[in-house]
Amino acid sequence: MKNSTIPYGYSVQNGQTVVVAAEKDVVKRIYLDYLAGSSPNRIATALNSAGIAYRNARRWNKNTVYRVLDDARYRGTDEYPSILCAETWDAVAAKRNQNSCPYMDAEFLVIRKKMVCASCGGKLTRNWEKSKIARWECPACGMQTEGIEDAAIRYQVVAKLDALCQNHDPIQCPRQSKPIDFECIRLEREFKRMASDPAAKPSELDSLIQQITQLQYKNIDPKGCLFATEQIRLALDKLQPSQCKNKELEALFKQIVSKVLMDKNGAIQLKLKNGQIL
Ligand SMILES: [Zn+2]
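This is a predicted model, so every value here is computed, not measured.

So, the overall build of the chain
- Counting secondary structure elements, the chain contains 10 helices and seven strands.
- Burial statistics for the chain: of 278 residues in total, 19% are counted as buried.

Here it is as structure tokens:
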């Protein structure tokens, strides 16, 4: 098979169809932009101005974008490794058929329950009028978004979880200002004094060390953040990021995410259970 006859995003090496990493990112971007409300025309223009070429250094146009949006092989087949989650592809297919449901499906409800305003932390409400895409509004501060597809929000959340699965490094205990604990300082002085006193009882020294350690630990990790961070990492270890199974992602979401922050541009950040915002 010639490379020119297989879908954008793949090539053939030693008789095997393989994913072309750079093209895979472009496919994902096209799907995400489309779900976020961009037209195929606008998507093509944006790719061309970013200097991203279609096959054989050709420019993108509406039709080549549609070709990518309509190709079910990106979901994965026996011959083609998957490039997209089935849910993403299905969301685009539903939108292409113009029967995208104005009501939310069950899995989106899980996300919706945790949606808060990125400016003030207030709970967001979803405003939907017939034949329009839902807007999000913060009753507390008045923040309001343009229309955003539920699928686009879901896609952003899934993409973030996916990225965290692949690389745990960004998951860190957020830096906390360490309060000065005068009790701790007093105990440390006391310990120094006793340690240099030959008459001091070992049991008293032990007890002091214990008290100091407890106080220090409380100062380092006042909200059990180190523990929560470790739990998040463990949860991520159990998941195969590329598989994108609905139920697993939903469980992971519930386990590690405490809030979903949205700003007026519809951009999403996740507040994790350890207090960190990513
Ligand atoms: Zn607000």
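Still more ground to cover, so stick around.
Description of the sheet that holds strand β6 (residues 257-262)
- Within the open sheet, the three strands sit side by side as β3-β6-β7. Their pairing is mixed. Each edge of the sheet is formed by a strand with only one pairing partner; in this case those strands are β3 (115-117) and β7 (268-272). Neighbour-to-neighbour, the strand axes of the sheet open up by a mean angle of 35°, direction not taken into account.
- For β3 and β6, the ladder comprises three bridges, and the chain directions are parallel.

Remarks on the nonpolar core
- Ranked by internal contacts, the top residues of the largest apolar core, which has 44 residues, are Val 27, Ile 30, Tyr 31, Leu 35, Leu 84, Val 157 and Val 260.
- Elements represented by at least two residues in this core include exactly α1 (21-35), α2 (40-49), α3 (62-69), α4 (86-96), α6 (150-166), α10 (246-256), β6 and β7.
- Among the elements that make up this core, the one with the highest residue count is α6 (eight residues).
- For this core, the domains that each give at least three residues are domain 1 (3-96) and domain 2 (106-173 + 225-272).
- Beyond its immediate stretch of four places on either side in the chain, Ile 30 contacts Ile 43, Val 65, Val 68 and Leu 69.

Observations concerning helix α7 (residues 182-195)
- Taking 1.5 Å as the rise per residue, α7 with 14 residues should run 20 Å; its terminal C-alpha atoms sit 20 Å apart, in good agreement.
- Sparse coverage of α7 is indicated by the burial of zero of its 14 residues.

So, unusual backbone geometry
- Notably, Asn 14 is not glycine yet its phi reads approximately 50°, a positive angle.
- Along the chain, the position of Asn 14 falls in the loop between β1 (10-13) and β2 (16-19).
- Looking at Asn 14, the number of C-beta atoms within 10 Å reads 5, which means it is exposed.
- Of note in this structure, Asn 56 is not a glycine but carries a positive phi near 50°.

A word on the pairing of β1
- Both β1 and β2 contribute to a ladder of four bridges, which runs antiparallel. Directly across from Gln 13, in β2, lies its bridge partner Gln 16.

Let's talk about the confidence of the model for the chain
- Taken residue by residue, the chain gives an average pLDDT of 84. The fraction at 70 or more is 88%.
- Between the elements of the chain, mean pLDDT differs from a low of 75, seen in helix α5 (residues 106-112), to a high of 96, seen in β6.
- Note on residues 99-104: pLDDT is under 50 here. Beyond four places in sequence and across chains, it has seven contacts.

Notes on the packing of α1 against α3
- Interhelical geometry of α1 versus α3 gives an angle of 95° and a closest axis separation of 10 Å. In this view, α1 runs roughly perpendicular relative to α3, as classed from their interaxial angle. Facing Val 27, Ile 30 and Tyr 34 of α1, the residues of α3 in contact are Val 65, Val 68 and Leu 69.
- Considered class by class, the residues forming the contact of α1 with α3 number six nonpolar, no polar and no charged.

Digging into the packing of α1 against α4
- Running from amino to carboxyl end, α1 crosses α4 at an angle of 45°, the nearest separation of the two axes being 10 Å. Between α1 and α4, the crossing angle belongs to the class labelled oblique. The hand of the α1/α4 crossing is left-handed. Packed against α1, whose contacting residues are Tyr 31, Tyr 34 and Leu 35, the element α4 presents Thr 88, Ala 91, Val 92 and Lys 95 at the interface.

What counts and how
- Residues numbered from 1 in each chain as written.
- Predicted model: local features only at pLDDT ≥ 70, side-chain atom pairs only at ≥ 80, totals over all residues.
- Helix = DSSP H or I, 4+ residues; strand = E, 2+ residues; numbered from the N terminus.
- Buried ≥ 20, exposed ≤ 12 C-beta atoms within 10 Å, placed from the backbone.
- Pairing = 2+ DSSP bridges.
- Axes fitted to C-alpha atoms, helices over the stretch in contact; angles between N-to-C directions.
- Core = buried A, V, L, I, M, F, W, Y, C linked by C-beta atoms within 7 Å.
- Domains from an automatic or database assignment.
- Contact = placed C-beta atoms within 7 Å.
- Expected span 1.5 Å × (residues − 1).
- pLDDT = per-residue confidence, 0-100.
- Parallel < 35°, antiparallel > 145°, perpendicular 65-115°, else oblique.
- Nonpolar A, V, L, I, M, F, W, Y, C, P; charged D, E, K, R; others polar.
- Left-handed = near helix turned anticlockwise from the far one by under 90°.

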